[in-house]
Every structure is written in C-alpha cells, then in structure tokens.
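Examining the three-dimensional arrangement
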Amino acid sequence: MSFVVRRGRLGRLVSCASAIALLAAAPASLAQAPLWQNGPPASASQGVPREHLAVVEGAGGLYDGPVAAYVSQVGARVARAAGRSGCAFHVLNSDVVNAFTSPPGCHVYVTRGLLTLINTEDELASVLGHEVGHVAANHAGRRQQRSVVTGIGALVLGALTRSANVAQIASQAGQLSVLSYSRQQEFEADGLGVRYLAQGGYSPYGLVDMLGALQREDQFDAARRGRQGQETAAWARTHPLTGDRIARALQSARQAGPPPTDATAAAGRDAYLRQIDGMLYGDDPEQGFVEDRRFTHPVLRIGFEAPSGFTLTNGATAVGIEGPEGAKGQFSAGSLSGDLERYAYDVLRRTVGQAPAQLGASERTRIGGFDAVVLPARAQSGSRVLDVVVAAYADGSGRAYHFVTLSPAGRAQIWDPVIGSLHRLSPQELAAAQPKRVEVVVVRPGDTVQTLSQRMAFDDYRLERFLMINGLQPADPLRPGQPVKLVTTSRRGR
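Residues numbered from 1 in each chain as written. Predicted model: local features only at pLDDT ≥ 70, side-chain atom pairs only at ≥ 80, totals over all residues. Heavy atoms only, no water.

The subject of this paragraph is the packing of helix H5 (residues 121-136) against helix H9 (residues 183-199). When two helices pack together, their arrangement is given by the angle between the helix axes and by the axis-to-axis distance. Taken N-terminus to C-terminus, the directions of H5 and H9 make an angle of 125°; their axes are 7 Å apart at the nearest point. Between H5 and H9, the crossing angle belongs to the class labelled oblique. H5 and H9 meet at a crossing whose hand is right-handed. Contacts between H5 and H9 involve Asp122, Ala125, Ser126, Gly129, His130, Val132, Gly133, His134 and Ala136 from the first element and Gln185, Glu186, Ala189, Asp190, Leu192, Gly193, Tyr196 and Leu197 from the second. (Axes fitted to C-alpha atoms, helices over the stretch in contact; angles between N-to-C directions. Helix = DSSP H or I, 4+ residues; strand = E, 2+ residues; numbered from the N terminus. Parallel < 35°, antiparallel > 145°, perpendicular 65-115°, else oblique. Left-handed = near helix turned anticlockwise from the far one by under 90°. Contact = heavy atoms within 4.5 Å.)

Dropping the structure here:
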C-alpha cells in the first residue's frame, strides 16, 4: 500500500509546553536492536580508550582476519622507522574511502574502501606513514577541536541539545569524516611519511602513487554522481588533494631515493594483491546493502528506496539519508516492547531533546505490509523552523524500524516516497542481494581492460570502476600473468 504524508498533518499542533510534557511521559523503551554489527564485543573493550571504541562502533566495526593482520604488520614496520612505539593499526569494516588517526595515543585507522584502491604495499605503507606523521607532529593537539557538521544538521545541533539521534543524523553523511588538518600540516605529514617510507625500506614514491589513486577515485565519484566537483569525498575533506600537494610529495620522493624498478614494483603489487584477494567489497551483508538510492537488508529481509536527489550512506547502527534543500534523515531499528505509537513518541523525544517543539497528530496506517505510525513535530533551531517526522513500523516479531527526518518547515512531504517505500524483500530481491568481494585474477592471453571489466559485478560504469581500482588507463596494455582486481559476487573470501 502506498503512503503519502498528508499536508494537513501539522495543522493541529499542541503547545510547546504540552508537547514536551507529552514526550517526557513517553516510556524510555527504545533499545537499539542488533540491526547492524557494532564493533568489538564488550569483553574486548577492557582497557581500550573510549575514543577508539566510539570510532569502531561508528564505522561499522572492525574488519578482522588476515587482511587486518597484514595491515598491522606493515604499520608496525612503518612505526619502527618513525621511532614510534605503541601504535595500533586497525581496518574498519566500511566501504568509505578514508584513513585517519584518533587520539589519545597512536591509533591509525584505514577502511576497507581505501584498501580496495591500493595496489602495492608501498602505497599502503605511505597511507600509514602519513597518519603516523600526524601523530609524531602532534597535529591533533594543535588543531581546533570541533565537529564536521554542515547544512541543516549544524542548525539543528545549535538548538537540539543532548539529542543523540539528531547528532547522528547530522553527522551521518560525513561518516568517518574526522577533523580537517591545515594545508601546512598535510605537507608536514606527507614529508614525514615519505621519510618513514625510505627508512622502512619502502619506495618513497608510494605516497605519490597513493595520492594519484585517491584523486582518480574522487574524479570517478564526481562523474558518477554528476557532481562536477561540487562535493568532496571523505579523504579529500580530511586530507585536501591539491596539485601542489602531489607535486611536493613527488619532490620529496625524488630527494629520498630512486623510483622502484619494474621488477620491484611488480613484486610489490603481487604481494599486496595476494593479501586482499577475497576481501569484502562494499557493504557488509550484516549491515545491509546500499546500491545508489536503494537499501536492502538480506538478513532482515527488508528494503526501501529514495527518489532522485537523495543519497544514502550505510552506517554502523543506521542508514543516513540526505535529501534536497538540506533535508537529512536516518533509518534504524529498535526493540518494540509496547505500543507502536509510544515507540514513535520515544524516538521523537530522543530526537527533539530539550528544544522548543510542537507536536502534530499521529496517524496509524499500513505501509509495505507493516503496521505503521507517522508522528510529525515542528522544532525551533535559532531563527529556523524545522519539520521533524518519525515514521515507525512493527514487523510483528518484537522488532521495530523507524525513519527520523528533518526538513525545512513546510517541506516534510519530500520524505513521502522514502517513508512509503519500506517493504519486505521479494525472493528476486533476496537473490540479488549478494555480497561483493575483491577477486584477484591473472591476465590471460587476449585479455584487455575492456574484456576483463565486463566481469565486474555492477550494472553500470564497469570499465571505469575496473580502471579506477587497478590504477589503469583505457589504452594500457595488459601482460599475460599480470594480476588485476575484479569485483565479483564470488562466495569465497574472508
């Protein structure tokens, strides 16, 4: 059954004081259900800094196994070259392309998404060396401690204090986007990273190659989304990619030593690709899949879709949604121990916090085979008025799902298609929801970039994706026996 938010729903609003009282009376029954994997178990958190646990939980957990052990091994070699003891290196279970550090101490994080772009151990060492350089230069202690929140999310946070839901919504689109460094700090970390590469026995040109790979990914992402450079990828936000920076890295590499020979470069590439063969690509099935504007969760057998103009970002405990006109939203889950309307009130109470708010009339309905309640409110954020809508759904087994949406006053209807699209997955949708993995194959006689790219598990941009993850150009020849990366739905892997 389709569902449309009625324009008159906010016509009957209760007073601010009554709304807060009503929300305060709602039972604190909302408990986050295990919809997404949430990082290390409690037994593994003893003595671990809470900042590290927060990063892991917010990024979708850790990606353990041989890949993580390999990254730690390379990181330890870089740390020894830097004279730094006590550094820990982690692989985050996220397809966002990024790497960063988090104080206190020396915790260095690299995502699965970034590992997919890397083609040699020199490049991996350059990423880890750059981040260790930030730690060695104490850049975290010298920068302004502020959150990266933009647009309507910043306005909301200005007024809706002590609201974890709103903070999560506001920051969702910048998942894994940590505090930006100044250009001078980036140059300094690059210089230190190149020095650590040379001292650790790696090619100092690894950073140049890595920056080139990141730039290609950003250009591909811009072209695919039609952004034309109007937005900035996660790595570029935290590590600005400028021609000047790449030129400086090249100059530092030339001063540090000669480039690797073809044989040495080929050996380094082969060694790295062997380590990531079978690595998960994209979203973890335990967290569901985001494909463009569609979200499917094969474990829970649910899905929803957003119209053109919206973007989805899968996270550790929620799917972040960005819409037109600065609108932001979130899809998540909880345990339903009572009435669904009370559940919706509780979500709204957690969202609004102590901000001035007016509560609209709730509506019970059926959406996608679920019993549903839609609860609107209007909240004040400085001089701005925002519409807040909670749409809650019961699946009949004690679990509930919900959207929380924020939009400029009078524009809540832009969320109607999203709210009305939640449904149970069909057998065809379940069959299509297969995890993707990095598969390393050997080039055979007659193979070309064009023929190999047709084996990529995507409906569009197959050639462009193949070239991007392998650092190739369309006219580059392939030699028999050369290993290259594909993205497939092969069931093998780790």
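From this point on, the discussion continues.
Another aspect to go through is the pattern of salt bridges. Oppositely charged side chains may form a pair once their charged atoms are brought near each other. Counted according to the given criterion, the structure contains 12 salt bridges. Between glutamate 322 and lysine 328 there is a salt bridge; the shortest N-O distance is 2.9 Å. Taking relative accessible area as the criterion, glutamate 322 reaches 30% and is therefore assigned partly exposed. Owing to a relative accessible area of 5%, lysine 328 belongs among the buried residues under this scheme. Measuring nitrogen to oxygen at the nearest pair gives 2.8 Å for the salt bridge that ties arginine 378 to aspartate 387. Each member of the salt-bridge network shares a partner with another, and the members are Asp339, Glu341 and Arg364. (Salt bridge = Lys/Arg side-chain N within 4 Å of Asp/Glu carboxyl O. Buried < 20%, exposed > 50% of the residue type's maximum accessible area, 1.4 Å probe, protein only.)

Turning our attention to the state of the cysteines. Scanning the entire structure with this criterion turns up one disulfide. There is a disulfide in this structure between cysteine 87 and cysteine 106, and the S-S distance comes to 2.2 Å. Note on the cysteine 87 and cysteine 106 pair: the S-S dihedral is about 90°, so by sign convention the disulfide is right-handed. Residue cysteine 87 is found in the loop between helix H3 (66-82) and strand E1 (88-92), and its partner cysteine 106 is found in the loop between strand E2 (99-102) and strand E3 (107-111); the two are separated by 19 residues along the sequence. Just as cysteine 87 is buried, cysteine 106 falls in that class too. (Disulfide = S-S within 2.5 Å.)

Its 16 residues give H5 an end-to-end C-alpha distance of 22 Å, which sits within 8% of 22 Å, the value for a rise of 1.5 Å per residue. Just downstream of H5, asparagine 138 is the residue with a positive phi angle, here 55°. (Expected span 1.5 Å × (residues − 1).)

Most peptide bonds adopt trans geometry, and most residues besides glycine take a negative phi value. Of note in this structure, arginine 301 is not a glycine but carries a positive phi near 65°. Mapping arginine 301 onto the fold places it in the loop between strand E6 (294-297) and strand E7 (302-305).

Across four bridges, the pairing between E6 and E7 is antiparallel. Counted as the bridge partner of histidine 297 is isoleucine 302 from E7. Two successive antiparallel strands, E6 and E7, enclose a turn made up of four residues, where arginine 301 displays a positive phi of approximately 65°. (Pairing = 2+ DSSP bridges.)

Read across the sheet, three strands follow the order E1-E3-E2 without closing on themselves; strand pairing throughout is mixed. Across the chains shown, the open sheet's two edge strands, defined by having one partner strand only, are E1 and E2. Here the average twist between neighbouring strands, direction ignored, is 25°. Here E1 pairs with E3 via five bridges, running parallel. Following the sheet pairing, phenylalanine 89 is matched in E3 by valine 108. The strands touched by H3 are E1 and E3; relative to E1, the strand with the most contacts, the crossing angle is about 145°.

Tracing the sequence through the fold places tyrosine 345 in helix H14 (residues 340-352). On the basis of relative accessible area, tyrosine 345 is assigned to the buried category, the value being 15%.

The next subject is the side chain of serine 102. Topologically, serine 102 is positioned in strand E2. Setting aside anything within four residues of it in sequence, one finds serine 102 in contact with Glu51, Val55, His107 and Tyr109.

This paragraph deals with the sheet that holds strand E18 (residues 483-488). In spatial order, the strands read E4-E17-E18; together these three strands make up an open sheet with antiparallel pairing. Every other strand in the sheet has two partners, leaving strand E4 (280-281) and E18 as the edge strands with one partner each. Where strand E17 (residues 436-442) lies against E18, six bridges are found, and the strand directions are antiparallel. Counterpart to valine 438 in the pairing with E18 is valine 487. Its contacts with the sheet put helix H13 (residues 262-276) on E17 and E18, and the angle it makes with E18 is roughly 25°.

Within the largest apolar cluster, 66 residues are counted, with the highest numbers of intra-cluster contacts made by Leu114, Leu115, Leu124 and Phe466. Per-element accounting of this core gives the leading share, eight residues, to H3. Beyond its immediate sequence surroundings of up to four residues, leucine 124 is in contact with Tyr70, Val71, Val74, Leu115, Ile118 and Tyr272. By size, the runner-up hydrophobic cluster in this structure holds 28 residues, among which are Phe310, Phe331, Ala372 and Ala412. (Core = buried A, V, L, I, M, F, W, Y, C linked by side-chain atoms within 4.5 Å.)

Tallied over the full model, the rule gives 14 aromatic pairs. Plain terms: the ring middles of tyrosine 281 and phenylalanine 458 are 5.9 Å apart, the flat faces sit at 80° to each other, and that makes the pair edge-to-face. Of the two residues, tyrosine 281 sits in strand E4 while phenylalanine 458 sits in the loop between helix H17 (449-453) and helix H18 (462-470), which places them 177 residues apart along the sequence. The exposure class assigned to tyrosine 281 is buried, which follows from its relative accessible area of 18%. Aromatic side chains phenylalanine 295 and phenylalanine 331 sit 6.2 Å apart centroid to centroid with 55° between the ring planes, which places their arrangement in the tilted category. Placement of the pair is phenylalanine 295 in strand E6 and phenylalanine 331 in strand E10 (residues 328-335), with a sequence separation of 36 residues. The exposure class assigned to phenylalanine 295 is buried, which follows from its relative accessible area of 0%. With a relative accessible area of 0%, phenylalanine 331 lands in the buried category. Aromatic rings pair up to connect Phe295, Phe304, Phe331, Phe370, Tyr393, Tyr401 and Phe403 into one cluster. Here the basic side chain of arginine 77 rests over the ring of tyrosine 202, its NZ or CZ set 3.9 Å away from the ring centre. Here the basic side chain of arginine 248 rests over the ring of phenylalanine 187, its NZ or CZ set 4.0 Å away from the ring centre. (Phe/Tyr/Trp six-rings, centres within 6.5 Å; stacked < 30°, edge-to-face > 60°. Lys NZ or Arg CZ within 6 Å of the ring centre and 35° of its normal.)

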